[in-house]
Amino acid sequence: VLTSLAFATAVFGRWWRLLGAVARPLKITSIRHETDRTVTVTLGGKPARNIHAEAGQFIVVRLLREGQWWKANPYSLSAAPTLNGMRITIKDRGDASAAVFSLKPGDRVAVEGPYGTATPDIFEGKRPLFIAGGVGVTPVRAMLESLPTNSKPLVLLRARTTDDIPHFKEICHLAEARGGDVRLVLGRTAQLKGRDPFAPKVLHSLVPNLRSSVAFVCGPTSLTFAARKG
């Protein structure tokens, strides 16, 4: 009986949150292209004031249009949220995310969340070390904005070129404003073969006092695996 009750509670809670999100949708207030395959979407409206999110968290978005409302897609916040709304950055992966590129200001979306515990609190006063690639840089950009000015964050970004890094200039500005630095690992994977940029020796050379840092890793599976292994 208890198992059935717990299951029913979980299902009811899940659908209740969904119905609440559909009943109180947010509106797209702006859309901006960051790279050839990524767009930044700002969500606002009166209901946004009741969503208490933090940098580093993510939300689940449903496009309220025919054939799309039932598709739920998680997106990390790419800026520290404000009372006016939230910002997400989306990459065209050829699936449901591609539909975002046809949206326009004024369109409505249902938002669930926020979710996630990887907020700036995880650093606990130690030096923040960010290792990211692809759209994994979006929560990094948001968390940098929420860090103290004397936090001295170090950001390691993996990409083919800087043109492939969303919010690259913003990340550099935010890191430098907090006494930190941005370091790049550029080039195709084949070009780096045999030169693991996340090997322990390389990390120690790139990150002063590595053992006293707290690392936040976000990006493609291959990057997160290599960084965690290193």
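Residues numbered from 1 in each chain as written. Predicted model: local features only at pLDDT ≥ 70, side-chain atom pairs only at ≥ 80, totals over all residues. Heavy atoms only, no water.

**Focus: the overall build of the chain**
Right, on to step 1. Per the secondary structure count, the chain includes five helices and 10 strands.
Right, on to step 2. The buried share of the chain, taken over its 230 residues, is 43%.
Right, on to step 3. Across the chain, contacts joining residues at least 24 apart in sequence account for 71% of those joining residues at least 6 apart.
Right, on to step 4. Per element, the accessible surface of the chain, about 13,000 Å² overall, is 55% carbon and sulfur. (Helix = DSSP H or I, 4+ residues; strand = E, 2+ residues; numbered from the N terminus. Buried < 20%, exposed > 50% of the residue type's maximum accessible area, 1.4 Å probe, protein only. Contact = heavy atoms within 4.5 Å. Areas by Shrake-Rupley, 256 points an atom, 1.4 Å probe, with all protein chains shown as cover.)

**Looking at the sheet that holds strand 5 (residues 86–91)**
Right, on to step 1. Taken in spatial order, the six strands of this open sheet run 4-3-6-1-2-5, and their pairing is antiparallel. The strands lining the two open edges of the sheet, one partner per strand, are strand 4 (73–76) and strand 5. Strand-to-strand twist of the sheet, defined as the mean angle between neighbouring strand axes without regard to direction, takes the value 40°.
Right, on to step 2. Across two bridges, the pairing between strand 1 (residues 26–35) and strand 6 (residues 108–115) is antiparallel. Within strand 6, the position partnered with Leu-26 by the bridge is Val-109. (Pairing = 2+ DSSP bridges. Axes fitted to C-alpha atoms, helices over the stretch in contact; angles between N-to-C directions.)

**Some words on the pairing of strand 5**
Right, on to step 1. Counting buried positions along strand 5 gives five out of six residues, so the element sits mostly inside the fold.
Right, on to step 2. When strand 2 (residues 38–44) meets strand 5, the two strands line up antiparallel, connected through six bridges. When the sheet's bridge partners are listed, Val-41 is paired in strand 5 with Ile-88.

**Section: the side chain of Ser-78**
Right, on to step 1. Along the chain, Ser-78 falls in the loop between strand 4 and strand 5.
Right, on to step 2. A polar contact of 2.9 Å, which involves the side chain of Ser-78, links it to the side chain of Thr-89.
Right, on to step 3. In this structure Ser-78 touches Arg-87, Ile-88, Thr-89, Thr-138, Arg-141, Ala-142 and His-167, once residues within four positions along its chain are discounted. (Polar contact = N/O pair within 3.5 Å; in protein donor to acceptor, adjacent residues only side chain to side chain.)

**As for the packing of helix 2 (residues 137–146) against helix 3 (residues 168–177)**
Right, on to step 1. Taken N-terminus to C-terminus, the directions of helix 2 and helix 3 make an angle of 35°; their axes are 9 Å apart at the nearest point. Note that helix 2 runs across helix 3; the crossing there is left-handed. On the side of helix 2, the interface is formed by Val-137, Arg-141, Leu-144 and Glu-145, while helix 3 contributes Glu-170, Ile-171, Leu-174 and Ala-175.
Right, on to step 2. Of the residues in the contact of helix 2 with helix 3, the class split is five nonpolar, no polar and three charged. (Left-handed = near helix turned anticlockwise from the far one by under 90°. Nonpolar A, V, L, I, M, F, W, Y, C, P; charged D, E, K, R; others polar.)

**A short note on the pattern of salt bridges**
Right, on to step 1. For the structure on display, the rule yields eight salt bridges.
Right, on to step 2. For Arg-32, the salt bridge goes to Glu-34, with nearest N and O atoms at 2.6 Å.
Right, on to step 3. Here Glu-34 falls in the partly exposed class, since its relative accessible area comes to 24%.
Right, on to step 4. Among the salt bridges present, the one from Arg-141 reaches Glu-170, with a minimum N-O distance of 2.6 Å. (Salt bridge = Lys/Arg side-chain N within 4 Å of Asp/Glu carboxyl O.)

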